[in-house]
Amino acid sequence: TFAVINGQEIEKLEKDNDEKSSKINDLESKLNEVVNETNELFNSYLRLLLKNLNFTHTERISVYKVYENKFKLIGRASVDPILSSAGRTEYPIGDGFIGKGWREGEFFINNLPDLTASNGNTYYNAINRINNIPREVVNSLRMKSRNFFIYRINGYDGNPKAVLVFESLQPSCFEKDFIVEKLNGVKQPLVMFIEKNNGIVLTENILGVWQI
């Protein structure tokens, strides 16, 4: 009798577990749909910003938000689909021009050396003199730009939340004041997207629990 009761209890537990697993799978699917839709909406918004800035296939806009003391890529757009695809999706918070722009609020530079000069040494040295960044990181960059503008964005609470990275393969494609002027009328939608944690995808931790 005990074996029959025990078997019934096990069967009930297995059934409950299957039902809960099904509900979790449905929730995961819905969460992924929301994240993907929001991410695509944000990238569409960035594509409109590209057009407003008259950016071509040699330019790109990226948005990095700070999570756990690292920069995480949450949005990117370029006319060139190769440049718009995600490469390295996170960076240490202190590295390179992004780290400098994060600390100071803004950072602009143009006319960086031609990448082909001295096997890239001239390009790397020019970057590293401004703010330290590992050589291997620079070597792995898909887009080695010569014109940068880093612009920090604050959240609703006034605290720094993210940075916008405008870059061009051309040595002098844009000026800081031009971009700041264009951003004046579009900051609120940017803040809204950034506050919504756009682009953060579902990941499974070692305990098998899904988290955003």
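Up top you'll find the structure we're talking about.
Our subject in this report is the structure included herewith. (Residues numbered from 1 in each chain as written. Predicted model: local features only at pLDDT ≥ 70, side-chain atom pairs only at ≥ 80, totals over all residues. Heavy atoms only, no water.)

Turning to the overall build of the chain, a few remarks are in order. A count of helices and strands for the chain gives seven helices and eight strands. A separation threshold of at least 6 residues defines the contact pool for the chain, and within that pool the share at least 24 residues apart is 61%. Total accessible area computed for the chain in this model is approximately 12300 Å², and 52% of it derives from carbon and sulfur atoms. (Helix = DSSP H or I, 4+ residues; strand = E, 2+ residues; numbered from the N terminus. Contact = heavy atoms within 4.5 Å. Areas by Shrake-Rupley, 256 points an atom, 1.4 Å probe, with all protein chains shown as cover.)

Okay, the side chain of Arg 60 next. Within the secondary structure, Arg 60 is located in strand β1 (residues 59-67). Those residues in contact with Arg 60, other than ones at most four positions away along the chain, are Phe 55, Arg 76, Ala 77, Ser 78, Leu 83, Met 143, Val 165, Phe 166 and Glu 167.

With that settled, the discussion passes to the pairing of strand β2 (residues 70-77). When you tally the buried positions in β2, you get six out of eight residues, the bulk of the element. Sheet topology places β1 next to β2; seven bridges connect them, and they run antiparallel. Across the sheet, residue Ser 62 finds its bridge partner in β2, namely Arg 76. Between β1 and β2, which pair antiparallel in sequence order, lie two residues; one of them, Glu 68, sits at a positive phi of approximately 50°. Pairing of β2 with strand β3 (residues 90-92) involves three bridges; the strand directions are antiparallel. Looking at the pairing, Lys 72 lines up with Glu 90 of β3. (Buried < 20%, exposed > 50% of the residue type's maximum accessible area, 1.4 Å probe, protein only. Pairing = 2+ DSSP bridges.)

As a further point, take the pairing of β1. Looking along a regular strand, one sees side chains alternate from face to face of the sheet. A large share of β1 lies buried, amounting to eight of its nine residues. Where β1 and strand β6 (residues 160-168) come together, seven bridges link them in antiparallel fashion. Counterpart to Ser 62 in the pairing with β6 is Val 165.

Note that every value here comes from positions in space, so none of it alone points to a role or purpose.
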